[in-house]
Amino acid sequence: MDAVTQLQRQLVDYTNSLFLEGFLDDQFNQLQQLQDESNPDFVVEVVSLFFQDSERLLNELAKVLEQQNIDFKKVDAHVHQLKGSSSSIGAQRVQRVCITFRNCCEEKNIEGCLKYLQQLRHEYSLVKNKLETLFKLEQQLLAAGGTIPLY
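Along each chain, numbering runs from 1 in the same order as the chain's sequence is written. In keeping with the model being predicted, local features are shown solely for residues with a pLDDT of at least 70 and side-chain atom pairs are shown and tallied solely at 80 or more, while totals for entire chains, interfaces and linings include all residues. The side-chain figures draw on all heavy atoms in the structure; neither hydrogens nor water molecules are used.

Observations concerning the pattern of salt bridges
- Basic side-chain nitrogens of Lys or Arg form a salt bridge, by our definition, when they fall within 4 Å of a carboxyl oxygen of Asp or Glu. Within the structure shown, the criterion is met by 7 salt bridges.
- Between D13 and R9 there is a salt bridge whose closest N-O contact spans 3.2 Å. Separated by 4 residues within a single helix, D13 and R9 lie in helix α1 (residues 3-20), roughly one turn from each other.
- For E21, the salt bridge goes to K130, with nearest N and O atoms at 3.8 Å. Helix and strand assignments follow DSSP, with helices taken as H or I runs no shorter than four residues and strands as E runs no shorter than two, numbered in order from the N terminus.

So, the UniProt feature "modified residue: Phosphohistidine" (unreviewed entry) in the protein
- UniProt positions are given in the numbering used here, feature names are shortened, and annotations may be inferred rather than shown by experiment. Mapped onto the present numbering, the UniProt feature "modified residue: Phosphohistidine" (unreviewed entry) falls on H80.
- Structurally, the position occupied by H80 is in helix α4 (residues 72-89).

Topic: the packing of helix α3 (residues 42-66) against α4
- An axis is simply a line fitted to the C-alpha atoms; with a helix, the fit covers only the stretch in contact. Between two such axes, the angle follows the N-to-C directions and lies from 0 to 180 degrees. Where α3 meets α4, the closest approach of the two axes is 10 Å, and the angle between their N-to-C directions is 160°. Viewed along their axes, α3 and α4 adopt a mutual orientation that is roughly antiparallel. In this structure, α3 crosses over α4, and the sense of that crossing is left-handed. The residues of α4 that touch α3, namely those facing V46, V47, F50, D53, S54, R56, L57, L58, E60, L61, V64 and L65, are K74, V75, H78, V79, Q81, L82, S85, S86 and I89. What sets the label is the angle itself: under 35 degrees gives roughly parallel, over 145 gives roughly antiparallel, 65 to 115 gives roughly perpendicular, and the rest give oblique. What makes a crossing left-handed is the near helix being turned counterclockwise from the far one by less than a right angle; a clockwise turn instead makes it right-handed. Only heavy atoms matter for contacts: two residues are in contact if any of them lie within 4.5 Å across the pair.

Written as structure tokens, this is what we have:
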């Protein structure tokens, strides 16, 4: 098996594991289908924007939840925004935590909000690392002269 074939197999296996482990859902496939020769970095660009936006929102959430009088509507608005952006790239586990987090906002449950903020940070960190690894595998495959398989 040559290096390109090995890299393709590794990329396919890794990508499949992200779906099997629930990190990604079909929305990520749909995002990939929007990428073509005229915009070969589309997915990386969209996901990079997701990373920037998510980090800003997580920091904002932490600030709001540190306040003496917590504005639960503001917390909910930030979580809602994060839920939407995670859904748009197919980051399924982040999206699921956001759904539960929003329930705590409705109940004005500060302990629950703090708990889900930590869980959200954890899931975000995991999916970020997984996607960065996926993009590195794609770059290695392209550098070796291969093509990225369609899923």
